Amino acid sequence: MGEWAKTGLLGANSLVGECIIPRLSNDGRHTVAFSRHPPDGYTEPGVTWLQLSASLPTHPDVPPIKDWLCVAPIWVLPQYFGMIETSGARRVVALSSTSLFVKKDSSDHGEQHIAHRLAEGEHALRVWAEAQGVEWVILRPTLIYGRGRDKNLTEIARFVRRWGFFPLLGKAEGLREPVHAEDVAAACVSALTSPAAVNRTYNLSGGGTLSYREMVCRVFSSVGKVPRLVTIPRWLFRLAVAALRLLPRYRHWTVEMAERMNRDLAFNHADAARDLGFAPRPFRISREDLPV
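Residues numbered from 1 in each chain as written. Predicted model: local features only at pLDDT ≥ 70, side-chain atom pairs only at ≥ 80, totals over all residues. Heavy atoms only, no water.

**So, the overall build of the protein**
Thinking step 1. Of regular secondary structure, the protein possesses 10 helices and 13 strands.
Thinking step 2. On C-alpha atoms alone, the protein measures out to a radius of gyration of 20 Å, which is about the 19 Å that the 2.2 N^0.38 rule sets for 292 residues.
Thinking step 3. Here the C-alpha coordinates of the protein stretch approximately 60 × 40 × 35 Å along the principal axes.
Thinking step 4. A burial count over the protein gives 51% of its 292 residues as buried.
Thinking step 5. Across the protein, contacts joining residues at least 24 apart in sequence account for 75% of those joining residues at least 6 apart.
Thinking step 6. Element-wise, carbon and sulfur atoms account for 53% of the exposed surface of the protein, whose accessible area totals about 13,700 Å².
Thinking step 7. Averaged over its 36 positive side-chain charges, the protein has a centre that lies 6 Å from the centre of its 29 negative ones. (Helix = DSSP H or I, 4+ residues; strand = E, 2+ residues; numbered from the N terminus. Rg over C-alpha atoms; globule rule 2.2 N^0.38 Å. Buried < 20%, exposed > 50% of the residue type's maximum accessible area, 1.4 Å probe, protein only. Contact = heavy atoms within 4.5 Å. Areas by Shrake-Rupley, 256 points an atom, 1.4 Å probe, with all protein chains shown as cover. Lys, Arg positive; Asp, Glu negative; His and termini not counted. Charge placed at Lys NZ, Arg CZ, Asp CG, Glu CD.)

**Let's talk about the layout of surface pockets**
Thinking step 1. There is about 1,700 Å³ of room inside the largest pocket.
Thinking step 2. Surrounding the largest pocket, 49 residues form its lining, S97, S99, K103, K151 and N152 being those nearest its centre.
Thinking step 3. Per-element tally for the lining of the largest pocket: the top contributor is helix 4 (residues 109–132), with four residues.
Thinking step 4. A per-class count over the lining of the largest pocket returns 28 nonpolar, 11 polar and 10 charged. (1 Å grid on protein atoms, 1.4 Å probe; cavity = no way out; pocket = protein on both sides within 12 Å on 5 of 7 lines; lining within 4 Å. Points joined across faces, edges and corners; volume = space filled by probe spheres on them. Nonpolar A, V, L, I, M, F, W, Y, C, P; charged D, E, K, R; others polar.)

**A word on the packing of aromatic side chains**
The geometry of two aromatic rings is summed up by the distance between their centres and the angle between their planes.
Thinking step 1. Scanning all chains against the criterion turns up seven aromatic pairs.
Thinking step 2. When the centroid spacing of 5.2 Å and the interplanar angle of 80 degrees are considered together, the rings of Y145 and F283 count as edge-to-face. Here Y145 is found in strand 7 (residues 144–145), whereas its partner F283 is found in the segment after helix 10 (270–276), with 138 residues between them in sequence. Of the two residues, Y145 and F283, neither departs from the other in class, the shared state being buried.
Thinking step 3. Ring plane angle 45 degrees and centroid distance 6.1 Å describe the contact between F159 and W163, whose orientation is recorded as tilted. In this pair, F159 and W163 both sit in helix 5 (residues 153–163), four residues apart, roughly one turn of the helix.
Thinking step 4. Judged by relative accessible area, which is 37%, W163 ranks as partly exposed. (Phe/Tyr/Trp six-rings, centres within 6.5 Å; stacked < 30°, edge-to-face > 60°.)

**Some points on helix 4**
Thinking step 1. In a regular helix each residue adds 1.5 Å, so 24 residues correspond to 34 Å; helix 4 covers 34 Å between its end C-alpha atoms and thus fits that length.
Thinking step 2. Considered for burial, the residues of helix 4 that qualify are E111, A115, L118, G121, E122, L125, W128 and A129.
Thinking step 3. If you follow the buried residues of helix 4, they end up packed against helix 2 (81–86), strand 5 (91–95), helix 3 (99–102), strand 6 (135–141) and helix 9 (255–259).
Thinking step 4. Looking at the residues trailing helix 4, positive phi occurs at G133, about 70 degrees. (Expected span 1.5 Å × (residues − 1).)

Here's what the structure looks like:
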C-alpha cells in the first residue's frame, strides 16, 4: 500500500480512536496505531499496532506517514513531534475540547489546570506545525458519549443504577449538546483531507440541545428507571461531593461540576458542518452506549 494511504493514530485505544479505525479502513487507509497498551484480542485488518512507552515517545519501526490523527490528550502530543516530523508528516489533526473555554475560569484548581494544559497543547501544535510547514487542524468536541466508555453519561448511568436517584443543584437548566463518539470520529477522518480545514479550529457539538435536567432524565429512561431527581442546596452538595470523593469512582467529582448544571454549555458547529460535512446525530442513548 502506498504512503499516501497510511494514517498515524495516537491514542488508538481511546473511545474515539476505537471509532476511527474502522472508518479509516473503509476509506482504504492503512492505520498505524500507536498506543501504550496493546489491543486486547481481535484487531481490525489493515491496522499495524505499535506500542509506545512513557520513557520512549517514539518507535524504531515508524514508516513514512503523511497524515496523523491525535485523539490522545492534546497536551501529550508535543512529546511525539520528533517522531511525527521524521515520518514526513503533511497534516496533523488533533482532538482538544471545549473544556478549554468551560474550565478556564473554574473555581476548582484542578479544572483550571486542565484548561491550561489544553491551551498549551493547542499552542504547541500550532507553533511546531507552522515551523515545520505541516498543516494542522484542531477539533474541540463538547460532552462526548458512546459505547459505554465515556466519562460523562456513563458515570451518570452507573450512579443511577447504583443509587436509584440523581442529585441536582438548583433547576439544572443549563444547556447541553452531547456529541456521540462516532460523530467525533467522522469529523476527525474528514479533517484529514478537507482543503478548507487547513490551520483551523472547529467546535464539535451534538445534533440537539437540551437542559442538563432533561439529559439526566434520558439517562434514567435508557437504563429502564423512572427519573428520581433530588434537588440539593449548595451547602449540602458540598458535603455530598466531599463524601463521594472518598470513593475511587467519584474522586474526580467537584462542586464546580454541580455549579455548571445551571450554565449553558452550547457551542456552534456551523463551521465544522460547512468544511468537514459534520452532521451529528440527535441525542439518543442506545443500549450499546450504556456501560456493561
